[in-house]
Amino acid sequence: MNYEEQLREKIASRAARVGVVGLGYVGLPLAVEFAKAGFHVTGIDVQQSKVDQLNLGQSYIQDIPTSVLEPLVKSGKITATTDFSAVKDLDTIDICVPTPLRKTKDPDMSYIVSACEEIAKYFHPGMLVILESTTYPGTTDELVLPMLEREALNVGKDFFLCFSPERVDPGNPKYQTSNIPKVVGGITPACTTLGALFYGQSLETVVPVASTKVAEMVKLLENTFRMINIGLVNEMALMCDRMGINVWEVIDAAATKPFGFMPFYPGPGLGGHCIPIDPFYLSWKTKQAGIEARFIELAGYINGQMPHFVVEKVQNALNDHSKALRGSHIHIMGMAYKKDIDDVRESPALDILLLLQQRGARVTYSDPFVPCIRLMDGGSMQASDAQEMAVAADCVVIVTDHSNTDYAAVVDRAKLIVDSRNALKKYSSEKVVRL
Ligand SMILES: NC(=O)c1ccc[n+]([C@@H]2O[C@H](COP(=O)([O-])OP(=O)(O)OC[C@H]3O[C@@H](n4cnc5c(N)ncnc54)[C@H](O)[C@@H]3O)[C@@H](O)[C@H]2O)c1
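J.: Help me understand the packing of aromatic side chains in this model?
T.: In this description, a pair of aromatic rings is defined by centroid distance and the angle of the planes. Taken as a whole, this structure holds eight aromatic pairs when the rule is applied. Taking 4.7 Å as the distance between ring centres and 35 degrees as the angle between the ring planes, the aromatic pair formed by phenylalanine 34 and phenylalanine 198 counts as tilted. Placement of the pair is phenylalanine 34 in helix 2 (residues 27–36) and phenylalanine 198 in helix 7 (residues 189–200), with a sequence separation of 164 residues. Note on accessibility: phenylalanine 34 and phenylalanine 198 belong to one class, buried. One aromatic cluster in this structure is built from Phe34, Phe39, Phe198 and Tyr199. Sitting over the face of the ring of phenylalanine 280, lysine 105 holds its NZ or CZ atom 4.4 Å from the ring centroid.

J.: Please explain the sheet that holds strand 1 (residues 17–21) as it appears in this structure.
T.: Two modes of strand pairing occur in sheets, parallel and antiparallel, and in both the strands are linked by backbone hydrogen bonds. An order of 3-2-1-4-5-6-7-8 is seen for the eight strands of this open sheet, with the pairing classed as mixed. This sheet does not close on itself; its edge strands, each paired only once, are strand 3 (78–81) and strand 8 (206–209). On average, adjacent strands in this sheet sit at an angle of 25 degrees to one another, irrespective of strand direction. Contacts from helix 6 (residues 139–148) reach strand 5 (128–131) and strand 6 (160–163), with the element oriented near 150 degrees to strand 6. Contacts from helix 8 (residues 212–243) reach strand 6, strand 7 (182–186) and strand 8, with the element oriented near 150 degrees to strand 7.

J.: Please clarify how the side chain of aspartate 278 should be interpreted in this entry.
T.: Looking at the secondary structure, you find aspartate 278 in helix 10 (residues 278–288). Among buried Asp, Glu, Lys and Arg side chains, aspartate 278 stands out as unpaired, with lysine 219 the closest opposite charge at 4.7 Å.

J.: What am I meant to see in the nonpolar core here?
T.: In a soluble, globular protein the nonpolar side chains are often hidden away together inside. Membership of the largest hydrophobic core comes to 122 residues, with the highest contact counts inside it found for Ile332 and Leu356. When residues in this core are grouped by element, the largest group, nine residues, is from helix 11 (residues 294–320). In contact with isoleucine 332, other than residues within four places in its own chain, are Ala349, Ile352, Leu353, Leu356, Val363, Thr364, Tyr365, Ser366, Val397 and Val399. Ranked by size, the runner-up nonpolar core spans 13 residues in total, among them Ala386, Val396, Val410 and Leu424.

The rules behind these values
- Residues numbered from 1 in each chain as written.
- Predicted model: local features only at pLDDT ≥ 70, side-chain atom pairs only at ≥ 80, totals over all residues.
- Heavy atoms only, no water.
- Phe/Tyr/Trp six-rings, centres within 6.5 Å; stacked < 30°, edge-to-face > 60°.
- Helix = DSSP H or I, 4+ residues; strand = E, 2+ residues; numbered from the N terminus.
- Buried < 20%, exposed > 50% of the residue type's maximum accessible area, 1.4 Å probe, protein only.
- Lys NZ or Arg CZ within 6 Å of the ring centre and 35° of its normal.
- Pairing = 2+ DSSP bridges.
- Axes fitted to C-alpha atoms, helices over the stretch in contact; angles between N-to-C directions.
- Contact = heavy atoms within 4.5 Å.
- Lys, Arg positive; Asp, Glu negative; His and termini not counted.
- Salt bridge = Lys/Arg side-chain N within 4 Å of Asp/Glu carboxyl O.
- Core = buried A, V, L, I, M, F, W, Y, C linked by side-chain atoms within 4.5 Å.

Structure representation (structure tokens):
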């Protein structure tokens, strides 16, 4: 049997030893799905604390309850290590390491490079490697392939390489790793076939595409689509504000059109590890091809103005009550970048906090999912009690609209509220100022 046939058999019989490199928001749920399907999964991460927690069966990712993880760990279906020599015994590897931007907004490929350098040390014939980290089109064949390919080890024959974009939406109760269709594209047709076969064992729907570049571009189209539509609707919000029109009512009414319209909502700015970052991977790459990604730059600019707009709203609302922002107590409700999750990466609430402080306000925050935050000056801030602060603050700003919040009590107690999410849609009160 050749390597392709051997791997096909191991995958189909669940005998393949599966590896996941990077055990974060993407990697841990994926490892759990593979283990649930009956594979033996080895997770590899550079963070000892995550490895230790996983080996105790304790989940550190909100979407994965410990009650799901623990039995898989106890039964030996999932183990974790910081030692890359585990790759020697693996048949497949999914790479799920971070892909942030550098300060210059250029892609930071250092995590992918460092993971691949370690994998390459223990890489062996017959392996299937799948990159899942969001990245620019061309990464898999221009960067990863040369790190793995060597003399007498040919892709599509002796080993197999794919890209498969991760689409997980943390906090989404309806769509999770197992029921989100999985796009996969390989360097060669044999790579695609094996990648699709592998995911088909644990995930409901697999969508094979012709190449790694197509698969890479799919993710960037999806996230750029969101970023640009949010930029458009944020600009609408700025226009409506100037003209005294309720943008939320406009969107709700437009959304009654049964075709040709999809509602997006304005807000305090983009957050999270994907939407504010991924499109810049594309614009960086297209710049090299001599094409300027003008929609992306424009939407990036408009979305980046939203935290400033929220602060301006707070300032104007206070002025209308004969108060100045300097010296006032402003309470931020919600620090996570979106509702019902604990992730503060790129959260606009952090920008709003800093802008308010820079303008001399005294700022507190509350968030049931985020007990403490690290500030940009290196210090930290503990969450306060939302209801106590609603009474104490000169103005409450709703930045994240978590579901489990007693908004009626906030409206009742607060002196003034700036609502950047339309969380108070059903309340009509003179003290509520909407975006
Ligand atoms: N979080 C999401 O909602 C989401 C959704 C879709 C795609 N993505 C993409 O998936 C990738 C991973 O994102 P995430 O949110 O899971 O990140 P994360 O920070 O939660 O997890 C990444 C993990 O990789 C580990 N790591 C870093 N360098 C490593 C190395 N060299 N070797 C082994 N482990 C290493 C980190 O310790 C961390 O545990 C990114 O490219 C991201 O853009 C994320």
